[in-house]
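So you can see what is in the structure, the chains are spelled out below.
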Amino acid sequence: MLDGLKGPPVHPVLKLLVQRLALGLLLLLAVSAVIFLGVEALPGDTAQAILGQSATPQALENLRNQLGLNEPALTRYFAWLGGVLTGDLGISLTNGSDIATAIGQRLGNTLFLAGCAAAIAVPLAILLGLVAARYAGRWPDKVISGATLTTISLPEFVAAYFVIYLLTQVIPIFQPVAMVFPGMSFWAKLNAIALPVIVLVLVVLAHMMRMTRAAILNVMQSAYIETAELKGLSPMTMIWRHAFPNAIAPVVSVVMLNLAYLVVGVVVVEVVFSYNALGQYLVDHVTKRDLPVVQAVGLIFAAVYILLNMLADIIGILANPRLRHPK
Amino acid sequence: MTDASRQLDHMIERVRKGRMNRREFIGRSTALGVSAGLAGALFGKVAMAQEAKKGGTMRLGMYGGESTNSLDPAVAASQVPYQVNMTWGEMLVDTTPDGGLDMRLAEEVSSTPDAMEWKFKIRSGVEFHNGQTLTADDVVATLKRHTDEQSQSGALGIVQGIAEMKAEGDMVTLTLKEANADLPFLMTDYHLMIQPGGGVDNPTAGIGAGPYVIEVNEPGVRHTFKKFANYFDSSIGHVDEIEMLVINDNTARTAALQSGQVHIMNRVDPKVAELLAGVPGVTISSVPGRGHYVFIMHCDKAPFDNNDMRMALKLAINRQEMVEKILGGLGSIGNDFPINAAYPLFDASIPQRTFDPAMAAEHYKKSGHDGSPIVLRVAPGAFPGAVDAANLFAASANGAGIPLSVQLEPDDGYWSNVWNVEPFCASYWGGRPVQDQMYSTAYSSTADWNDTKFKNARFDELLLAARGELDQDKRKAEYSEMALLVRDEGGVILPMFNDFVCGVSDKVAGWYDDPNGDMMAGRAQVRCWMA
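Residues numbered from 1 in each chain as written. Chains lettered and ligands numbered in written order. Predicted model: local features only at pLDDT ≥ 70, side-chain atom pairs only at ≥ 80, totals over all residues.

(A) The arrangement of the overall build of chain A in detail. Check the secondary structure of chain A and you find 16 helices and 0 strands. Here chain A, with 327 residues, has 34% of them falling under the buried criterion. Pairs at least 24 residues apart make up 72% of the contacts formed inside chain A by residues separated by at least 6 positions. (Helix = DSSP H or I, 4+ residues; strand = E, 2+ residues; numbered from the N terminus. Buried ≥ 20, exposed ≤ 12 C-beta atoms within 10 Å, placed from the backbone. Contact = placed C-beta atoms within 7 Å.)

Dropping the structure here:
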């Protein structure tokens, strides 16, 4: 009668997706524990950090009680986790503002910048990669590779100062300070973030371009490409129709890595352009030992990272017939 | 009338119309044989007298803001909160550029001959941003709030000297514990913004009687203001809107001024001041003031609790080199006490301490230090060029055999985690209008901001005596002795007094030099206008 317990047959892809999703959540839970432990392990005492050197023992004790620092770590971890699950990230220790609200706006800015940079960088990198693969070893390939490798080799802040000099002083078409505010029109916002977008595009272009080029060249060795060639297809059609679809998995995983970088790793660019986003907010509060904020932002960054990697996995599976139809 | 004087008149006329900037005026005047100093003063006079244009939006690009800043004037410590509070707030009295008193919310100040009781007549009909009318009770409540230790006020040391505060009608009477001839100047302290009801209910409301109302307050990002229609003084507060952008990165701030995104910037890096001065449409204002850059040692913590150690470090710093390399010549050398010729009653006869590695080595040996590294903490934002200055200091000290090492700290959080916490770090002071206030803020034993932990009974005694002393000669002698105590026993290493260096766009008019502080003592946005 065991058959009666079985539902309709589950599609293997769906099963795989559910598995991946569950794995991602489990990973996130583990990360939350690691973040909490890491913050716990920081030397020093939060109450002391807030009150400074003039703190009296009584004031310290009061504040510790108020912040619940006297509870055992496990209790505090689950209290925090419970809060996170219900959308309550707690209160910032340094200025008493609601963390979720503060993060909300800044996360929006982070995603806006990352999204704009990705919208330009990803198609551009793939296109350049295709062109470089088509003319592998010839001058277009060398120019593209040389130029993108140069821009990735520049530290972000050097590239940033360079574009500030070039595009606000020599050819004054953009603004060096990229703050965006609610109430600005979409175009005004785009104009404001033009320079950081340019810098980020320069920084992430090479990695994705090189991977596209390598993956396609790899596929080009296959027998079916030879067949296509013998059928008389033009090189670009061959690459686009036959090589690229089979090179998607490695390209996607590199694209996702770079997207994750655009969201979580651009604090230097944010500082140089005074862009009011999440990275700068995190660094501000790390130095102030504002632990609830550090935990919350850390968790968000981890979630973004896990989500994008999971997405890369799933797309890789869907793009690969052998993984899509496991025997 | 000679040709030269006719030309000068013509130029003055152009300045009056806002058609000529400071640099051009001084350049052309000196070509006519007028000294640069005189030309500067003349420009200031004419510029101040010119007809102000109303309206427009002024944007400031500012160093010195953090995402943890608060609007509570009691806890303001860095440049942006100072400037923000000066925009929405108003004090009883302010200081004029030439060191006099500027009557703000008080109309008249008078005292008994022994300087024990002071009366402030409160201006009538002044309105707060919330519509409330200013009363003497608001003034007393404000001062009382700052006396409360809970308020963590930077002005605590000042208001603690007041024994009794009384409000009667439009008169506020302050009875002091000890006589103080400088009391009105103490009331110009930037923490003492008068708030409705003293700001007791909500100290961070940002509601005052100043010329502008806060619109957006995003600490560490930006602060925007709108003109307060019912401001009592129609002679200032010219632009309609003010936008202060926090741009802590030097390069970005400079680029923002060059590209016209902001109209005024503070803290021009001395390294680029000359280059920036060559940019069309930008003028550099370098104002000698009372501000100074310091390396501060806690006198109560090892190894700095040993005066030989402190003396060794004071002798191991090359002051001349600092002024030339760090300030780019835009400043003057210091003598390890916080007073210079910009203060009244300054004693110029105190011998200048010079760089003396041999003496430094001797003192170091006498201190009996075990040779472990002496750590000097510094962040780029401690003052412009702070990291370079610390490295120069370490190099000259190492040359004298002192194991000084520099530890780089992050900018953000420096003022809460390092300054006034760690025993040896770099810092700066903006200076105060009178000696008494500078010493009471940072050198009296009980001062909250005694950042060198200098505790000297004789010094405290002299501070009190000089405070109530009406005989100027005696007073000067007392200040002189105090200077020597700080210089020879204190924890402050004061290699240089810095000029306040700001960059001002030609789109801004009405700028004048104010030695009381950076950015026209925090009032540039209120007193200048859009040309």
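(B) Geometry of the overall build of chain B. What chain B contains, in helices and strands, is 19 helices and 19 strands. For chain B, the residues scored as buried account for 54% of the 531 residues in total. Relative to all contacts within chain B whose residues are 6 or more apart in sequence, the contacts with residues 24 or more apart total 71%.

(C) Seen up close, the environment of B:Pro280. Following the sequence through the fold, B:Pro280 ends up in the loop between α9 (270-277) and β12 (282-297). Between the alpha carbons of B:Pro280 and B:Met58 there is a distance of 19 Å; along the sequence they are 222 residues apart.

(D) Structural detail: helix α8 (residues 156-170) of chain A. Counted at 1.5 Å a residue, the expected span for α8(A) with its 15 residues is 21 Å, and the 20 Å between its end C-alpha atoms agrees. Along α8(A), the residues that are buried comprise A:Ala159, A:Ala160, A:Val163, A:Ile164 and A:Thr168. On an axial view of α8(A), the arc spanned by its buried residues comes to 140 degrees, and they lie on one face. Looking at α8(A), the residues exposed on the side facing more than 90 degrees away from the buried face are A:Val158 and A:Val170. Close packing links the buried residues of α8(A) with α7 (139-153), α10 (194-219) and α13 (267-272) of chain A together with α8 (250-258) of chain B. (Expected span 1.5 Å × (residues − 1). Arc of directions from axis to C-beta.)

(E) Spatial organisation of the interface of chain A and chain B. Every contact between the two is made by 23 residues of chain A and, on the other side, 25 residues of chain B. Looking at the side of chain A that touches chain B, the elements that each hand over two or more residues are α8, α13 and α14 (278-287) of chain A. Residues belonging to the side of chain A that touches chain B are distributed by class as follows: 11 nonpolar, 10 polar and 2 charged. (Nonpolar A, V, L, I, M, F, W, Y, C, P; charged D, E, K, R; others polar.)

(F) Here's a closer look at the packing of α8(A) against α8(B). Put simply, α8(A) and α8(B) touch, their axes get as near as 10 Å, and they point 5 degrees apart. Taken together, the axes of α8(A) and α8(B) lie roughly parallel to each other. Along its contact with α8(A), which presents A:Tyr161, A:Ile164, A:Thr168 and A:Gln169, the element α8(B) presents B:Thr251, B:Ala255 and B:Gln258. For the contact of α8(A) with α8(B), a count of residues per class yields 3 nonpolar, 4 polar and no charged. (Axes fitted to C-alpha atoms, helices over the stretch in contact; angles between N-to-C directions. Parallel < 35°, antiparallel > 145°, perpendicular 65-115°, else oblique.)

(G) Just the nonpolar core, in detail. The biggest cluster of nonpolar side chains holds 215 residues, and the ones touching the most others in it are A:Leu200 and B:Ile402. At 15 residues, the largest contribution of residues to this core is made by α10(A). Excluding residues within four positions of it along the chain, B:Ile402 makes contact with B:Ala312, B:Leu313, B:Ala316, B:Ala360, B:Tyr364, B:Ile374 and B:Ala397. (Core = buried A, V, L, I, M, F, W, Y, C linked by C-beta atoms within 7 Å.)

(H) Representation of the sheet that holds strand β5 (residues 117-122) of chain B. All names here are of chain B. Ordered by their spatial adjacency, 4 strands build an open sheet running β4-β5-β7-β6, and the pairing between neighbours is antiparallel. Each edge of the open sheet is held by one strand with a lone partner, namely β4 (106-111) and β6 (162-168). Direction aside, neighbouring strands of the sheet carry axes that sit 15 degrees apart on average. One ladder, built from 6 bridges, connects β6 with strand β7 (residues 171-176); its direction is antiparallel. Pairing of Ala167 across the sheet is with Val172, part of β7. (Pairing = 2+ DSSP bridges.)

(I) Up close: the pairing of strand β1 (residues 57-62) of chain B. All names here are of chain B. Within β1, 5 of the 6 residues are buried, which leaves it mostly tucked inside the rest of the structure. Of the pairings in the sheet, the one linking β1 to strand β10 (residues 241-246) comprises 6 bridges and is parallel in character. Pairing of Arg59 across the sheet is with Glu243, part of β10.

(J) Region of the structure containing helix α16 (residues 457-468) of chain B. Residues and elements named next belong to chain B. Taking 1.5 Å as the rise per residue, α16 with 12 residues should run 16 Å; its terminal C-alpha atoms sit 17 Å apart, in good agreement. Phe459, Leu462, Leu463, Ala466 and Arg467 are the residues of α16 that are buried. Across the axial projection of α16, the buried residues extend over an arc of 135 degrees, all falling on one side. More than 90 degrees from the buried face of α16, the exposed residues found are Ala457, Arg458 and Glu461. Packed against the buried residues of α16 are α15 (435-442) and α17 (472-489).

(K) Up close: unusual backbone geometry. All names here are of chain B. With an omega dihedral of -5 degrees, the bond running from Ala302 to Pro303 counts as a cis peptide bond. Take Pro303: it is sitting in the loop between β12 and α10 (307-315). Positive phi values are uncommon outside glycine, yet Ala115 reaches one of about 60 degrees. Mapping Ala115 onto the fold places it in the loop between β4 and β5. We classify Ala115 as partly exposed; it has 18 C-beta atoms within 10 Å. Positive phi, normally seen in glycine, also occurs at Ala521, with a value near 55 degrees. With respect to the secondary-structure elements, Ala521 resides in helix α18 (residues 518-522). Residue classification places Ala521 among the buried residues on the basis of 26 C-beta atoms within 10 Å.

(L) A look at the pairing of strand β9 (residues 222-227) of chain B. Residues and elements named next belong to chain B. Where strand β8 (residues 212-218) lies against β9, 6 bridges are found, and the strand directions are antiparallel. When the bridges of β9 are listed, Glu218 appears paired with Arg222. Hairpin connection between β8 and β9: a loop of 3 residues separates the two successive antiparallel strands, and Gly220 in this loop has a positive phi of roughly 80 degrees.

(M) Structural view of the packing of helix α6 (residues 99-134) of chain A against helix α12 (residues 235-264) of chain A. Residue and element names in this part refer to chain A. One can describe the packing of α6 onto α12 by two numbers: an axis separation of 10 Å at closest approach and a directional angle of 150 degrees. The chirality of how α6 crosses α12 is right-handed. In this structure, α6 uses Thr110, Leu111, Ala114, Ala117, Ala118, Val122, Ile126, Leu130, Ala133 and Arg134 to contact α12, whose residues at the interface are Pro235, Met236, Ile239, Phe244, Val251, Val255, Leu259, Leu262 and Val263. Class assignment of the residues belonging to the contact of α6 with α12 gives a composition of 17 nonpolar, 1 polar and 1 charged. (Left-handed = near helix turned anticlockwise from the far one by under 90°.)

(N) Structural detail: the confidence of the model for chain B. The share of residues in chain B with pLDDT of 70 or more is 91%, and the mean pLDDT across the chain is 89. For this predicted complex, the interface score ipTM comes out at 0.73, while the overall pTM is 0.76. (pLDDT = per-residue confidence, 0-100.)

(O) Main features of the confidence of the model for chain A. Residues with a pLDDT of 70 or more make up 89% of chain A, whose mean pLDDT is 84. In the model of chain A, helix α1 (residues 2-5) of chain A stands out as the element of lowest mean pLDDT, 48, in contrast to helix α9 (residues 186-192) of chain A, which has the highest, 92.

(P) Quick peek at the environment of B:Gln258. Its place among the elements puts B:Gln258 in helix α8. Sequence separation between B:Gln258 and B:Glu324 is 66 residues; the distance between their C-alpha atoms is 25 Å.

(Q) Focus on the environment of A:Val297. Residue and element names in this part refer to chain A. Along the chain, the position of Val297 falls in helix α15 (residues 291-319). Val297 gets classed as buried once you count the C-beta atoms within 10 Å, which come to 26. Between the C-alpha atom of Val297 and that of Leu278, which follows or precedes it by 19 residues, the distance is 7.6 Å. When sequence neighbours within four positions are dropped, the list of residues in contact with Val297 reads Ile103, Leu278, Tyr281 and Leu282.

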